[in-house]
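So the chains spell out like this:
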Amino acid sequence: MGSKNKLKRFKENETFDNVFQPKRDELVNETYNLKGNWKENVFKNDNPLVLELGCGKGEYTVGLAKRYPEKNFIGIDIKGARFWRGAKTAIEENLNNVVFIRTQIELVEHVFATKEVDEIWITFPDPQIKYKRTKHRMTNLQFMERYKKILKPNGLMHLKTDSEFMHGYTLGLLHGLGHEVLYANHDVYKLGGSPEEVTEIQTFYENQYLEKDKAITYIRFKIN
Ligand SMILES: C[S@@+](CC[C@H](N)C(=O)[O-])C[C@H]1O[C@@H](n2cnc3c(N)ncnc32)[C@H](O)[C@@H]1O
């Protein structure tokens with residue numbers, strides 16, 4: 001995408017009612033007034049809160065929001081020019097259970113209060129295979145601790161990825177820590193049996209992997 005187009009999207013994001021761009025300082029200083037108040041102040045209902053982390057263009061955020069109008073959906077990514085697509089679609093289709101937040105996932109515990117969130121989807125995260133990149137891997141121990149903090153006690157986690165490494169790494173970690181794996185499938189299209197939304201919603205990155213005939217995997221789990 002050209003820089004002109006990016007700038008146009010950044011500008012448009014600022015005018016969208018469904019886009020939030022908290023400042024890092026507000027978050028780390030704990031002065032962000034939406035923390036703990038997303039349902040009441042933003043969605044104006046008491047419906048469950050579902051996050052998509054590293055949402056890219058927000059295919060899951062928007063796709064799930066259409067399927068589950070009785071839940072609230074929040075897509076999170078650091079790249080505003082990407083989620084602009086999802087935010088624009090949500091506005092065009094009058095989806096009032098969708099918002100996007102531009103922030104680093106590392107700061108998620110400053111965006112949401114303890115036990116504020118019901119479910120988290122992680123869709124096609126960069127696997128960060130090199131040992132030196134471990135700290136950026138979105139299902140490592142540190143990230144799991146952050147998710148545990150903001151999730152309700154029985155909150156659900158979903159990981160959909162093309163990366164066999166990420167799938168195996170995450171299963172190993174969950175097993176080692178004694179977390180509950182509710183469902184795991186290492187090839188959702190060939191093996192079948194996954195919930196509908198796992199195969200019926202496809203993301204931008206997913207389509208690129210499907211063209212290369214890569215298996216797509218899915219895990220649903222709880223962090224105890
Ligand atoms: C491989 S892309 C997948 C995007 C989308 N889920 C999809 O399937 O098409 C990973 C996304 O995560 C975002 N991301 C990676 N690390 C992040 C971080 N630490 N904080 C916020 N976003 C991050 C990137 O900007 C990118 O959009």
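Anything mentioned here points back to the structure above.
Only a predicted model underlies this, so the values are computations on that prediction, with no experimental measurement involved.

Peer 1: Give a description of the nonpolar core that names residues and reports values.
Peer 2: Judged by nonpolar contacts, the single largest core of 35 residues is most densely connected at W38, L51, L53, I74, F112, I120 and Y147. The leading source of residues in this core is helix α7 (residues 141–150), at four residues. Among residues more than four places away in sequence, those in contact with L51 are I74, I76, V108, F112, V117, E119, I120, W121 and I150. Core analysis: the next-biggest nonpolar cluster, separate from the first, contains 25 residues, F16, A87, A90 and V98 among them.

Peer 1: Requested: an account of the site of the ligand, with residues and values cited.
Peer 2: For the ligand, the set of nearby residues contains 16 residues, the closest of which are G54, D77, R82, T123 and T203. One of the backbone nitrogen or oxygen atoms of G54 is found 2.8 Å away from a nitrogen atom of the ligand. T123 places a side-chain nitrogen or oxygen 2.8 Å from a nitrogen atom of the ligand. Computed on the free molecule, the ligand has an accessible area of 590 Å², of which 86% lies beneath the protein chains in the complex. Structurally, the ligand is housed in the largest pocket. Partitioned by chemical class, the residues of the shell around the ligand number six nonpolar, six polar and four charged.

The rules behind the values
- Residues numbered from 1 in each chain as written.
- Predicted model: local features only at pLDDT ≥ 70, side-chain atom pairs only at ≥ 80, totals over all residues.
- Heavy atoms only, no water.
- Core = buried A, V, L, I, M, F, W, Y, C linked by side-chain atoms within 4.5 Å.
- Buried < 20%, exposed > 50% of the residue type's maximum accessible area, 1.4 Å probe, protein only.
- Helix = DSSP H or I, 4+ residues; strand = E, 2+ residues; numbered from the N terminus.
- Contact = heavy atoms within 4.5 Å.
- Near = heavy atom within 4 Å.
- Polar contact = N/O pair within 3.5 Å; in protein donor to acceptor, adjacent residues only side chain to side chain.
- Areas by Shrake-Rupley, 256 points an atom, 1.4 Å probe, with all protein chains shown as cover.
- 1 Å grid on protein atoms, 1.4 Å probe; cavity = no way out; pocket = protein on both sides within 12 Å on 5 of 7 lines; lining within 4 Å.
- Sits in = over half its atoms within 2 Å of the grid points.
- Nonpolar A, V, L, I, M, F, W, Y, C, P; charged D, E, K, R; others polar.

Note that every value here comes from positions in space, so none of it alone points to a role or purpose.
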